[in-house]
Amino acid sequence: MKLDAKIPSGPIEEAWSKACFDMKLVNPANKRKHSIIVVGSGLAGGSAAASLGELGYNVKCFCFQDTPRRAHSIAAQGGINAAKNYPNDGESVFRLFYDTVKGGDFRAREANVYRLAQNSTKIIDQCVAQGVPFAREYGGSLANRSFGGAQVSRTFYARGQTGQQLLLGAYQALERQIRAGTVKMIAKTEMLDLIVIDGQARGIVTRHLVTGKYSIHIADAVILATGGYGNVFYLSTNAKGSNASAIWRAHKRGALFANPCFTQIHPTCIPVSGDYQSKLTLMSESLRNDGRIWVPKKKGDARPPNQIPEDERDYYLERRYPSFGNLVPRDVASRNAKTLCDEGYGVGKSGLGVYLDFSESINRLGEKVIRERYGNLFDMYQRITDEDPYKVPMRIFPAVHYVMGGLWVDYELQSTIPGLFVLGEANFSDHGANRLGASALMQGLSDGYFIIPNTIGNYLATHKFAKVEDSHPAVQQAVTEVKSRIDTLLSIKGKRTVDSFHRELGKILWDYCGMARTAEGLTLAIQKIRTLREEYWKNVTVPGSGDDLNESLEKAGRVADFFELAELMCIDALHRNESCGGHFREEYQTPDGEAQRDDEHFSYVAAWGYTGPGAAPELTKEPLEFHYVHPSQRSYK
């Protein structure tokens, strides 16, 4: 398969406006004749459904929660980037573009990233108009703070609740369209397969999570905005319900999966507390603005942190990266923490932790200012750990947080299946091998509010859509396969729970395809995953039936998909003989321990095609071309 990214020709500054002008339009009267399915109702899906409904399309929006307000987008804490340059500190659209390409270690598509930077300013205006309560300076202007990978303050925030407030803005817009009748909201419903007819995405098969009822939904186009697959690791900062099933089922219907090994480890997570912990809690990257990260200079120093003198502390990020200090990108901060803990400098009972210390900022600014900036985050930390971060340093350790990989999409956010569009974290498009903090919210809203309303119209205006009946062979085949899969899971009656398999799978991935990877480890991981998957289909137990609410059955289907995805992640990581961003192969590093890319051989997007059960995936490469930000050894020193 030859991949056409559909990148417009000409200057990058004009690419998006040129593309919009060249796209075909659907006139207002004809929009009412088209139907669109949106799977997912978080920031990307909710904003897309609201925008398309406002334009006059007939939209069905699906979520597996009871309300769109429970989307995982609510968990984003620290902020959203935008090139407004309110602080007048050197910010610009080009600088945001440059920092994002560099932060992704030159493994992102330039045109997509530049468009994201351009749209960032409109996102803030949109959200302010919706009433999102961004923090403000004394004079009334919107406040900004810094995030990792940047030397300017470009991050807009609403205390530590930015994702929640942005989601409420999108939710209000969505509810307006539901009331107007342009959007039909279908909750407590999970997509289990994609319907492809004559090479085009024409609908989905769903199961209602309370009644167990299967349904067929036909449309002219399908949008997947279902988030990322970080829960493949079992322990992550993702909501427990977050999963990969929608994009994985689309992958098995023909959508290429791009860069699956590009997963992000966030440096500021509350450390694991026990073997049977089911979820990890993120402490916002914004804390690195005023918190200083350190470990004792003496290995195994078990003294309380406040008893360790200043000259016996190693502020290692400030020492190694004097230009950026504690605000280095996430992959750099995470690897340094892991290295020091591996060498015996870690803190806490497990030794898997470093300190995030606010004592200097509290002495300099006063506790009142710190409470105003981070109070809800400090309260959350204290409730979880029973430690007061105003008095003692927080303990943090890296954890799986975000995925840069996802379904391959072109510049129009269309997958390799015509009519299937993919938004937000579910696609691969904007972050390369590492996402800069405060860019996920930016991408989700850019995709939903400003990109998909243009690009999906171009698709609808240039294609014809025959009426599809539920009796169509492709529809019935999809339904039959969905039912067969569920019946099989219920019939196994093994001796191990779904969670026990998921936990073991996650440990394999974390050990061999986590913060550090080797060819030997990845080869072993693939073998272990295949063996464990074989046992899963023979020995998993799924109690209950498929005729009512059954959370074990939901998880069983999702974990089955995770097994297949985990193998592809390891295959992708094994084939990429370089280190870049979040993909750190120990065999490929600079003398001082930084990631060492191989631009000659790996400057491309790795897009994998499904070829059948047990068959090796097929690799298609999209070469990456850099005309405005030239690849160089990434340095934050």
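Keep in mind that this is a model prediction, so the values were computed, not measured. (Residues numbered from 1 in each chain as written. Predicted model: local features only at pLDDT ≥ 70, side-chain atom pairs only at ≥ 80, totals over all residues. Heavy atoms only, no water.)

1. Considerations on the domain arrangement of the protein
We apply this condition: Note: domain ranges come from an automatic or database domain assignment. We call two residues in contact when some of their heavy atoms are within 4.5 Å. Put simply, buried area is the surface a 1.4 Å probe can reach on two separate parts but cannot reach once they are joined, added for both. We define a salt bridge as a side-chain nitrogen of Lys or Arg found within 4 Å of a carboxyl oxygen belonging to Asp or Glu. Here a polar contact is taken to be a pair of N or O atoms separated by no more than 3.5 Å, where protein atoms must pair a possible hydrogen donor with a possible acceptor and residues adjacent in sequence count only if both atoms sit in side chains. Every helix listed is a DSSP run of H or I at least four residues long, and every strand listed is a run of E at least two residues long, numbered separately from the N terminus. Note that Gly is not counted as nonpolar here; it falls among the polar residues with everything else outside the nonpolar set of Ala, Val, Leu, Ile, Met, Phe, Trp, Tyr, Cys and Pro and the charged set of Asp, Glu, Lys and Arg.
Taken domain by domain, the protein holds domain 1 (265-400) and domain 2 (473-619). One C-alpha centre belongs to domain 1, the other to domain 2, and the line joining them spans 31 Å. Listed per partner, the contact involves 13 residues of domain 1 and ten residues of domain 2. The contact between domain 1 and domain 2 buries some 920 Å² in all, and 60% of this surface belongs to carbon and sulfur atoms. Area buried by domain 1 at its contact with domain 2 is led by I265, R335 and K338, which between them contribute 49% of it. Applying the counting rule to domain 1 against domain 2 returns one salt bridge. Taking the shortest distance from any N to any O, the salt bridge between R320 and E594 comes out at 3.4 Å. At the boundary of domain 1 and domain 2, one finds four residue pairs in polar contact (both at pLDDT 80 or more). Taken together, the elements giving at least two residues each to the side of domain 1 that touches domain 2 come down to α9 (330-342) and β15 (394-403). Partitioned by chemical class, the residues of the side of domain 1 that touches domain 2 number seven nonpolar, one polar and five charged.

2. So, the packing of aromatic side chains
Formally: Pairing of aromatic side chains requires ring centres within 6.5 Å, counting the rings of Phe and Tyr and the six-membered ring of Trp. Pairs whose planes differ by under 30 degrees are stacked, by over 60 edge-to-face, and all others tilted. Burial status follows relative accessibility: with a 1.4 Å probe on protein chains alone, a residue under 20% of its type maximum counts as buried, one over 50% as exposed, and anything between as partly exposed. Geometrically, a lysine NZ or arginine CZ counts as sitting over a ring once it is within 6 Å of the ring centre and also within 35 degrees of the ring normal.
Here the structure, examined in full by the defined rule, presents 22 aromatic pairs. Here the aromatic rings of Y229 and F257 are separated by 5.6 Å at their centres, their planes lie at 65°, and the arrangement is edge-to-face. Placement of Y229 in the loop between β9 (221-224) and α7 (245-252) and of F257 in strand β10 (residues 257-258) is noted, with a sequence separation of 28 residues between them. Here Y229 matches F257 in class, with each residue buried. Ring centres of Y536 and W537 lie 5.9 Å apart, and the angle between their planes is 85°; this geometry places the pair in the edge-to-face category. Clustering of aromatic rings is evident, with ring pairs tying together F358, Y374, F378 and Y390. The ring of Y315 carries R292 above its face, with NZ or CZ at 3.9 Å from the centroid. Residue placement shows R371 over the ring face of Y390; its charged tip is 4.0 Å from the ring centre.

3. Examining the sheet that holds strand β8 (residues 214-218)
Rule in force here: Only strands that DSSP links by at least two bridges are regarded as paired with each other. Here the axes come from fitting lines to C-alpha atoms, over the contacting stretch only for helices, and the angles between their N-to-C directions go from 0 to 180 degrees.
Sheet architecture is open: three strands sit in the order β6-β7-β8, paired in antiparallel fashion. Of all the strands in the sheet, the pair left with one neighbour each is β6 (189-197) and β8. Mean inter-strand twist for the sheet, computed between neighbouring axes without regard to direction, equals 25°. Examined bridge by bridge, β6 and strand β7 (residues 200-208) share eight bridges and lie antiparallel to one another. Among the inter-strand pairings, V196 is bridged to a residue of β7, identified as A201.

4. A word on helix α6 (residues 162-180)
Just so we agree on the cut-off: In this analysis, the expected span of each helix is defined as 1.5 Å times one less than the number of residues it contains.
Over its 19 residues, α6 runs 28 Å from end to end, which matches the ideal 27 Å to within 8%, given 1.5 Å per residue. Inspection of α6 places T162, G163, Q165, L166, L167, G169, A170, Y171, L174 and Q177 among the buried residues, and these make up the whole buried set. At its buried positions, α6 is contacted by α3 (43-55), β3 (80-81), α5 (110-129), β4 (155-156), β5 (183-186) and α12 (440-461). G181 sits one or two residues past α6 and shows a positive phi near 90°.

5. Some points on the pairing of strand β18 (residues 604-609)
Remember that side chains alternate between the two faces of the sheet whenever the strand is regular. With respect to burial, β18 is a largely interior element, six of its six residues being buried. By the alternation rule, side chains of β18 split into Y604, A606 and W608 and V605, A607 and G609, which are all buried. Here β10 runs beside β18; their pairing, made up of two bridges, is antiparallel. By the bridge assignment, F257 is partnered in β18 with W608. As judged from the six bridges shared by β18 and strand β19 (residues 618-623), these two strands associate in the antiparallel manner. Within the sheet, the bridge partner assigned to G609 lies in β19 and is E618.

6. Some thoughts on the packing of helix α14 (residues 498-513) against helix α16 (residues 551-575)
Inclusion rule: Oblique is the label for any angle not under 35 degrees, not over 145, and not in the 65 to 115 range, which are roughly parallel, roughly antiparallel and roughly perpendicular in turn. By definition, turning the near helix anticlockwise from the far helix through less than a right angle yields a left-handed crossing, and turning it clockwise yields a right-handed one.
In contact at an axis separation of 10 Å, α14 and α16 are set at 20° when each is read in the N-to-C sense. Judged by the angle between their axes, α14 and α16 are roughly parallel. Of the two elements, α14 crosses α16, and the hand of that crossing is left-handed. Residues V498, D499, F501, H502, L505, L509 and C513 of α14 pack against S552, K555, A556, V559, F562, F563, A566, M569, C570 and A573 of α16. Among the residues making up the contact of α14 with α16, the classes are represented as 13 nonpolar, two polar and two charged.

7. Some details on the side chain of S361
By secondary structure assignment, the location of S361 is in helix α10 (residues 359-365). A relative accessible area of 1% means that S361 is categorised as buried. With near-sequence residues (within four places) excluded, S361 lies in contact with D290, G366 and I370.

8. A look at the packing of α7 against α16
Two numbers describe a pair of packed helices, the interaxial angle and the distance between the axes. Running from N to C, α7 and α16 cross one another at 60°; their axes reach a closest spacing of 10 Å. Considering the angle they form, α7 stands oblique to α16. Crossing of α7 against α16: the hand is left-handed. Between α7 and α16, the contacting residues are S245, W248, R249, H251 and K252 on the first element and G557, R558, D561, E564, L565 and L568 on the second.

9. Observations regarding the state of the cysteines
Such a bond, covalent and formed between the sulfur atoms of two cysteines, is termed a disulfide. Note the following rule: The criterion for a disulfide is a pair of cysteine sulfur atoms lying within 2.5 Å.
Under the defined criterion, the tally for this structure stands at zero disulfides. Free cysteine: C20, not disulfide-bonded; nearest cysteine sulfur from C127 at 19 Å. The thiol of C63 is unpaired, and the distance to the nearest cysteine sulfur, on C61, comes to 6.8 Å.

10. Examining the pattern of salt bridges
Evaluation of the coordinates by the stated rule reveals 50 salt bridges. Between D331 and R335 there is a salt bridge whose closest N-O contact spans 3.6 Å. You can see D331 and its partner R335 sitting in helix α9, four residues apart, about one turn around the helix. Taking the relative accessible area as the measure of exposure, D331 reaches 5% and is therefore buried. In this structure R335 comes out as buried when scored by relative accessible area, which is 11%. Residues participating in the shared-partner salt-bridge network are D105, R107, D331, R335, R576, E578, R597, D599 and R634.

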